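Commentary on secondary and tertiary structure
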Amino acid sequence: MRILRIVTATTFLLSALALGGCQTTTSGGAVGAERKQLMLISSQELDQMAAQGYNKLTADASAKGALNTDSAMLQRVRAIATRIKPQTRVFRPDAPGWKWEVNVINSNELNAFCMPGGKIMFYSGLIRQLNLSDEEIAVVMGHEIAHALREHSREQVSQAIAAQTTIGIGAALLGLGQGSADIAGVAYKSLIATRFSRTDENEADRIGLELAARAAYDPRAGVSLWQKMIKANSGGRPPEFLSSHPTESSRVQQIEALLPTVMPLYTAARRGG
Ligand SMILES: [Zn+2]
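Residues numbered from 1 in each chain as written. Predicted model: local features only at pLDDT ≥ 70, side-chain atom pairs only at ≥ 80, totals over all residues. Heavy atoms only, no water.

Let's talk about the packing of aromatic side chains
- Applying the stated criterion across every chain yields a total of two aromatic pairs.
- Ring geometry for Phe113 against Tyr123: centres 6.2 Å apart, planes inclined by 55°, an arrangement best described as tilted. Remark: Tyr123 occurs in strand β5 (residues 119–123) and Phe113 occurs in strand β4 (residues 112–115); sequence separation between them is ten residues.
- For Phe113, a relative accessible area of 19% corresponds to the buried category. (Phe/Tyr/Trp six-rings, centres within 6.5 Å; stacked < 30°, edge-to-face > 60°. Helix = DSSP H or I, 4+ residues; strand = E, 2+ residues; numbered from the N terminus. Buried < 20%, exposed > 50% of the residue type's maximum accessible area, 1.4 Å probe, protein only.)

Structure (structure tokens):
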């Protein structure tokens, strides 16, 4: 019975791979991100879970009186999102039509994220404590949106499902009755404790910088942003969303290397008004 289950799970996994389990989520843009990704859960399932998680987060913050308390900051962040959203079309034609949401939580945490399907959250501490300019906010937002465009969370969840299969637990997860509930559990856990890989971070930096440039935000802000991050990092606890990131100095070099590619997009966007 046990062997049969493992065989069934393996068959499922293999057929998932054969039926386009490996795919790419975005088109290249100017900066390029062509890596094939393992996907064993649908975007719809994950977007639904993300939306539920996001609703809970905003409801909890609202109950504590910590949601969108600074209307000037909220307006700023939403205006930047409004300029970046249409630019996502370059990487994914479907993205401008997502059910985007943009909110600000009043918190000292240095954090920001964009959950699958376009649910953006900024923590006021990031903007206030690092005294971020609009351009720097745009670079952070572009980076976080890029994670959603590339569906890095969906990929992580898929990898978690695949890893469990290899140790046999996956037999229970995949296609054996109780499957969908367990997959939801793995997905939700992975969404909360997202630790993106270095490759994911690299892709998000590249795509994010292009998004900011195309929205007419000066991509050179990527350099000043990460210099501020390094400074904040040296003062003790690293910012939340830095903890899994590549070393910041190599990141600054990488951004500098991308500037010749994205600066013309910025210049053209500015000229276009
Ligand atoms: Zn990231």
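Some remarks on the sheet that holds β5
- Ordered in space as β3-β5-β4, the three strands form an open sheet in which the pairing is mixed. Looking at which strands have only one partner, the edges of the open sheet turn out to be β3 (101–105) and β4. The average undirected angle you get between the axes of adjacent strands in this sheet is 15°.
- As defined by bridge partners, β4 adjoins β5 across four bridges and the pair is classed as antiparallel. Within β5, the residue paired with Ala112 across the bridge is Phe122.
- This element, helix α3 (residues 71–84), spans β3 and β5 of the sheet and lies at about 150° to β3. (Pairing = 2+ DSSP bridges. Axes fitted to C-alpha atoms, helices over the stretch in contact; angles between N-to-C directions. Contact = heavy atoms within 4.5 Å.)

Comments concerning the pairing of β5
- Counting buried residues in β5 gives five out of five residues, a clear majority hidden from the surface.
- Of the two faces of β5, the one carrying Lys119, Met121 and Tyr123 and the one carrying Ile120 and Phe122 are both buried.
- Across five bridges, β3 lies against β5 in parallel orientation. Residue pairing in the sheet places Asn103 in a bridge with Met121 of β5.
- The hairpin turn running from β4 into β5, its antiparallel successor, is three residues long, and Gly117 in that turn takes a positive phi close to 90°.

Considering the packing of α3 against helix α5 (residues 134–149)
- With their axes 10 Å apart at the nearest point, α3 and α5 run at an angle of 60° to one another. One way to sum up the angle between α3 and α5 is to call them oblique. Crossing hand, α3 versus α5: right-handed. Two secondary-structure elements touch here, α3 through Arg76, Val77, Ile80, Ala81 and Ile84 and α5 through Asp134, Ile137, Ala138, Met141, Gly142 and Ile145.
- Considering only residue class, the contact of α3 with α5 consists of eight nonpolar, one polar and two charged. (Parallel < 35°, antiparallel > 145°, perpendicular 65-115°, else oblique. Left-handed = near helix turned anticlockwise from the far one by under 90°. Nonpolar A, V, L, I, M, F, W, Y, C, P; charged D, E, K, R; others polar.)

Some remarks on the packing of α5 against helix α9 (residues 198–214)
- One can describe the packing of α5 onto α9 by two numbers: an axis separation of 7 Å at closest approach and a directional angle of 125°. Classified by the angle their axes make, α5 and α9 are oblique. Of the two elements, α5 crosses α9, and the hand of that crossing is right-handed. When α5 is examined against α9, the residues Ala138, Val139, Gly142, His143, Ile145, Ala146, His147 and Leu149 are found in contact with a partner set consisting of Asp200, Glu201, Ala204, Asp205, Ile207, Gly208, Leu209, Leu211 and Ala212.

Some points on the nonpolar core
- Ile84, Phe122, Leu126, Met141 and Ile145 are the most contacted members of the largest nonpolar core, which totals 53 residues.
- The element best represented in this core is α5, accounting for nine residues.
- Excluding its chain neighbours within four sequence positions, the residues that come into contact with Ile84 are Ala138, Met141, Gly142, Ile145, Leu211, Ala215 and Tyr217. (Core = buried A, V, L, I, M, F, W, Y, C linked by side-chain atoms within 4.5 Å.)

As for the pattern of salt bridges
- Counting across every chain of the model gives 13 salt bridges.
- With a shortest N-O distance of 3.1 Å, Asp70 and Arg128 are connected by a salt bridge. You can see Asp70 sitting in the loop between α2 (43–63) and α3 and its partner Arg128 sitting in helix α4 (residues 124–129), a full 58 residues away along the chain.
- By relative accessible area, Asp70 is classed as partly exposed at 27%.
- Between Glu201 and Arg251 there is a salt bridge, with the nearest N and O atoms lying 3.4 Å from each other. Of this pair, Glu201 sits in helix α9 while Arg251 sits in helix α11 (residues 248–271), placing them 50 residues apart in sequence. (Salt bridge = Lys/Arg side-chain N within 4 Å of Asp/Glu carboxyl O.)

Side note on unusual backbone geometry
- Of note in the backbone geometry, Asn68 takes a positive phi value of approximately 50° without being a glycine.
- You can see Asn68 is positioned in the loop between α2 and α3.
- Within the chain, Glu151 stands out as a residue other than glycine whose phi angle is a positive 55°.
- Inspection of the secondary structure assignment puts Glu151 in the loop between α5 and α6 (152–166).
- A relative accessible area of 11% means that Glu151 is categorised as buried.

As far as function goes, none of this settles anything; it's purely spatial.
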